[in-house]
Structures are given as C-alpha cells and as structure tokens.
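Structure assessment
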Amino acid sequence: MALGYPPLSRTTLARIAGPHLSALAGRIQDSASLAVLADDSVQYVARAATHRIMEVDITVGTRFPAYATSLGRVLLADLPPAGLAPLLDHAELRPLAPHTLTHRTEREAALERACAEGYAPVDEELEAGLRSIAVPVRDRAGSAVASINVAMHSSSRTIEACLEEVLPDWVETSWGPADLDVAHCSTALALLYGAHEGMRLADSYLACGGTLSEDPAAHLYWRVLDALAFAPDAEKVAVPWRELGRTDLTSALLASRPEGYLEELFRRFG
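Residues numbered from 1 in each chain as written. Predicted model: local features only at pLDDT ≥ 70, side-chain atom pairs only at ≥ 80, totals over all residues. Heavy atoms only, no water.

Remarks on the overall build of the chain
Looking only at helices and strands, the chain features 11 helices and six strands. Every one of the 270 residues in the chain was classed for burial, and the buried ones make up 44%. Sequence separation of at least 24 residues holds for 61% of the intrachain contacts in the chain that already meet a minimum separation of 6. Working note: accessible area of the chain is about 13,400 Å², and carbon and sulfur atoms make up 56% of it. (Helix = DSSP H or I, 4+ residues; strand = E, 2+ residues; numbered from the N terminus. Buried < 20%, exposed > 50% of the residue type's maximum accessible area, 1.4 Å probe, protein only. Contact = heavy atoms within 4.5 Å. Areas by Shrake-Rupley, 256 points an atom, 1.4 Å probe, with all protein chains shown as cover.)

The following block contains the structure:
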C-alpha cells in the first residue's frame, strides 16, 4: 500500500485509533492504549492517558513483556501454536509484581481463557497496584493485528466492575468505527455495480442520519484498505451473483472495477 498509494501510507493505525482512544478514555475516566506485538513484547503505538498510574512513564514506543500485560495476552492468545510455542519457550519466568504468572502452565491456561472469552484481565502482574483489561483489534479476516486496553489503579475498580462497566463500552471501539462497515459495503457495491454506486453508499448513510469520521483521511484509509483486501477475492464475490443471473460480471469487468473505485476515492478524499 505504501508504494502504490502514498496518501494512504501516511494514515497510520495510530492516527485512526487516536480519536477513538481519547473518546473511550473520556467516557470511562481511565487511560486507554493501543499496542502491537513485537517479538515477545508489546509496543505502545497510541495512548490516551487520563492520569499516571505506573512508576514508568508510558509513551508511544514503550515496550513491556507481553506475558505480563493484558495487551500482550490477547495478542499471544490469537497466535497459532507454531508461533506461540517459541515465545513461551524463551519467555522469562521471573516475577515482575505480586501476581505475575511464573509457571508456563499458568500462562498457557490464561491464554486459553483469553482466546475463549475474547478479552484478558491482568491484575498486578506487571506492577503492584496496576489493573488492566484488554481486547483484540481484528482485521477484516478476523486476525488480531493490535490490542486495546484500559488501565487503572487496582483501588478504582474491581475486575468484576471492569467486566460490567468497561468491557461493553470498549469492545465496540476495538472493532473499529462505522467507517469500516460502510467501507466494506461500499466495496461490494463498487464491484457489483461500479464506482458510482460504491461512492454513493456513504453519502446515503450520512443523509439517513449515520455518523462517520469527520477526517477525510480516515474515510480514505478504511475504504482503500477494504478495497485492496477485496481485490484478490473479487471472483469469489461474483460467484453467487453469477448463479443468480449476473452474467455481466466477467473476470475482465471485475478486474477493472477496483481500479476505477480507487481512482474515485483518491479524487474525492486524497
């Protein structure tokens, strides 16, 4: 994408997530962060802090051991066995805080729970007095590409309160804004009916009272990202429609429509 679409390469995940993290932190009055997996660590890529709760000052780029953080736990839980095993084999087993899991069997059980439940709470495993809960941020294919957590002092909320008060609010944040859903539907319409119909959906959505990001770069990011993801599977999208009589959806037509749709997107938002 960086080579083919320079305007898109300047719109990062952190930039897109920033306003949503700030809104989330404002609603729950606790710090919210976005991180990615970097080997056996998690690296912070965006953060909305309400107050300092750790001895270490967390900034973009800060790394912590993945096994001791909620951000890392949901990302490790999404890895296939072949990718997870080497990380567990080489992970340190030293305690970092009062409740750090120091046995491999404990860590494996915690990862199994995170995988099954779709979230991971961590209570004083990284630092005394620090409690957090995280959910994965998934791409269109369902893979965890990042994670979002809310962190707080252990005296402010119990784990139970986190599940009842925080988790429902920010699962929505982790799945992305309405722009992503609109982008997905717009791409399908562009493939089936042409660029004009793909562009028209978002306008109709707004006219009916829907809400999308006010940042043109955000529109461009989500819609180009989805269009590029769809392009290799255009033939698969067309199969059921051909069976219903859309014989006009030839391979040549499907190959040309993503390009025309992308040109319209950059003409309007780029």
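Still more to cover.
Some words on a nonpolar patch on the surface
Where nonpolar side chains cluster on the molecular surface, the patch consists of Tyr 193, Trp 241 and Leu 244 and spans about 350 Å² of accessible area. Positionally, Trp 241 belongs in helix α10 (residues 234–243). (Patch = residues over 30% accessible without salt bridge, like charges linked within 9 Å, V, L, I, M, F, W, Y side chains within 5 Å. Salt bridge = Lys/Arg side-chain N within 4 Å of Asp/Glu carboxyl O.)

Remarks on the sheet that holds strand β4 (residues 120–123)
The strand order across the open sheet formed by six strands is β3-β2-β1-β6-β5-β4, and the pairing between neighbours is antiparallel. One side of each edge strand has no neighbouring strand; the edge strands of this open sheet are β3 (63–65) and β4. Within the sheet, the average angular offset between the axes of one strand and its neighbour, ignoring direction, is 30 degrees. The pairing of strand β1 (residues 31–38) with strand β6 (residues 144–153) spans five bridges and is classified as antiparallel. Opposite Ser 33, over in β6, you have Asn 149 as the bridge partner. In this fold helix α3 (residues 70–77) packs onto β1, β2 (41–48), β4, β5 (130–138) and β6, with an angle of close to 150 degrees to the strand it touches most, β6. (Pairing = 2+ DSSP bridges. Axes fitted to C-alpha atoms, helices over the stretch in contact; angles between N-to-C directions.)

Remarks on the packing of helix α9 (residues 216–230) against helix α11 (residues 251–269)
It is at 10 Å that the axes of α9 and α11 come closest, and there the two elements cross at 170 degrees. The orientation of α9 relative to α11 falls into the category roughly antiparallel. The residues of α11 that touch α9, namely those facing Pro 216, His 219, Leu 220, Arg 223, Val 224, Ala 227 and Leu 228, are Tyr 261, Leu 262, Leu 265, Phe 266 and Phe 269. Here the contact of α9 with α11 is composed, by residue class, of 10 nonpolar, one polar and one charged. (Parallel < 35°, antiparallel > 145°, perpendicular 65-115°, else oblique. Nonpolar A, V, L, I, M, F, W, Y, C, P; charged D, E, K, R; others polar.)

Thoughts on the environment of Ser 22
As for its position among the elements, Ser 22 is in helix α2 (residues 13–28). Judged by its relative accessible area of 45%, Ser 22 is partly exposed. Between the alpha carbons of Ser 22 and Ala 46 there is a distance of 9.9 Å; along the sequence they are 24 residues apart.

Brief notes about the pattern of salt bridges
For the coordinates displayed, the defined rule picks out eight salt bridges. One salt bridge connects Asp 89 with Arg 104, and the closest N-O pair in it is separated by 2.4 Å. Pair noted here: Asp 89 is in helix α4 (residues 81–90) and Arg 104 is in helix α5 (residues 104–117), with a separation of 15 residues, a long-range link. With relative accessibility at 49%, the residue Asp 89 sits in the partly exposed group. Here Arg 200 ties to Glu 197 by a salt bridge, and the two come within 3.0 Å at their closest N and O atoms. Taken together, the positions of Arg 200 and Glu 197, both in helix α8 (residues 195–207) and three residues apart, correspond to about one turn of that helix. By sharing partners, the salt bridges in this structure join Asp 89, Arg 104 and Glu 108 into a single network.

Observations concerning the nonpolar core
Formed by 23 residues in total, the largest nonpolar core has its most connected members in Val 42, Phe 64 and Leu 111. Of all the secondary-structure elements, those providing two or more residues to this core are β2, α3, α4, α5, β5 and β6. When residues in this core are grouped by element, the largest group, five residues, is from α3. Membership of the second largest hydrophobic core comes to 18 residues, among which are Ala 25, Ala 48, Ile 133 and Val 135. (Core = buried A, V, L, I, M, F, W, Y, C linked by side-chain atoms within 4.5 Å.)

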